[in-house]
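Structural characterization, general
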Amino acid sequence: QVQLVESGGGLVQTGGSLRLSCAASGLSFSVYNMGWFRQAPGKEREFVAVISWSGGAVYYAGSVKGRFAIARDNAKNTVYLQMNSLKAEDPAVYSCAANLDYSALPKGPAGVDYWGEGTLVTVSS
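Residues numbered from 1 in each chain as written. Predicted model: local features only at pLDDT ≥ 70, side-chain atom pairs only at ≥ 80, totals over all residues. Heavy atoms only, no water.

1. Brief notes about the packing of aromatic side chains
Evaluated as defined, the whole model comprises 4 aromatic pairs. Taking the centre distance of 6.0 Å and the plane angle of 25° together, the rings of Phe 47 and Tyr 59 count as stacked. With Phe 47 in strand β5 (residues 46–51) and Tyr 59 in strand β6 (residues 58–60), this pair connects stretches of sequence that are 12 residues apart. On the basis of relative accessible area, Phe 47 is assigned to the buried category, the value being 10%. Clustering of aromatic rings is evident, with ring pairs tying together Phe 37, Phe 47, Tyr 59 and Trp 115. The residue whose ring lies beneath Arg 45 is Trp 115, and the NZ or CZ to ring-centre distance is 4.0 Å. (Phe/Tyr/Trp six-rings, centres within 6.5 Å; stacked < 30°, edge-to-face > 60°. Helix = DSSP H or I, 4+ residues; strand = E, 2+ residues; numbered from the N terminus. Buried < 20%, exposed > 50% of the residue type's maximum accessible area, 1.4 Å probe, protein only. Lys NZ or Arg CZ within 6 Å of the ring centre and 35° of its normal.)

2. Let's talk about the sheet that holds strand β1 (residues 3–7)
Pairing within the open sheet is antiparallel, and its 4 strands lie in the order β1-β3-β8-β7. Of all strands in the sheet, those bounded by a partner on one side alone are β1 and β7 (68–73). Strand after strand, the sheet turns through a mean of 15° between neighbouring axes, direction not considered. Pairing between β7 and strand β8 (residues 78–83): 6 bridges, direction antiparallel. Residue Ala 71 lies in a different strand from β8, and its bridge partner there is Tyr 80. (Pairing = 2+ DSSP bridges. Axes fitted to C-alpha atoms, helices over the stretch in contact; angles between N-to-C directions.)

3. With respect to the state of the cysteines
According to the stated counting rule, one finds 1 disulfide in the structure shown. Cys 22 shares a disulfide with Cys 96; S-S distance 2.0 Å. When the S-S torsion is 40°, as for the bridge of Cys 22 with Cys 96, the disulfide is right-handed. Placement of the pair is Cys 22 in strand β3 (residues 18–25) and Cys 96 in strand β9 (residues 92–99), with a sequence separation of 74 residues. On the basis of relative accessibility, which here comes to 0%, the residue Cys 96 falls in the buried class. (Disulfide = S-S within 2.5 Å.)

Spatial relationships are all this shows, so hold off on functional conclusions.
Listed below in structure tokens is the structure:
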């Protein structure tokens, strides 16, 4: 059974930082491309970032580029999302996703193979 379990969400002030983690089990983590999506209340789920299976390629949504960084540790079956300079528009439930097709993740949630339950990020002014 595949499980993706996120952690690290919480309340942070505007301009602050958080690091999210997603621990994977039940799949061959090192062959999966991993991504992060987010969904704010009343909005559709949107792509945030993707990292290739090797960690050699990353890609970000324009809204987070330069502020967020995705990384992975294949030895620990974990993917991370370092979020810096958090803004009022960043609060959402952040979910990690696994997909064998790297190019599919930035296109949206429809092609994701596996999802985590998500972790809530709240930003206060």
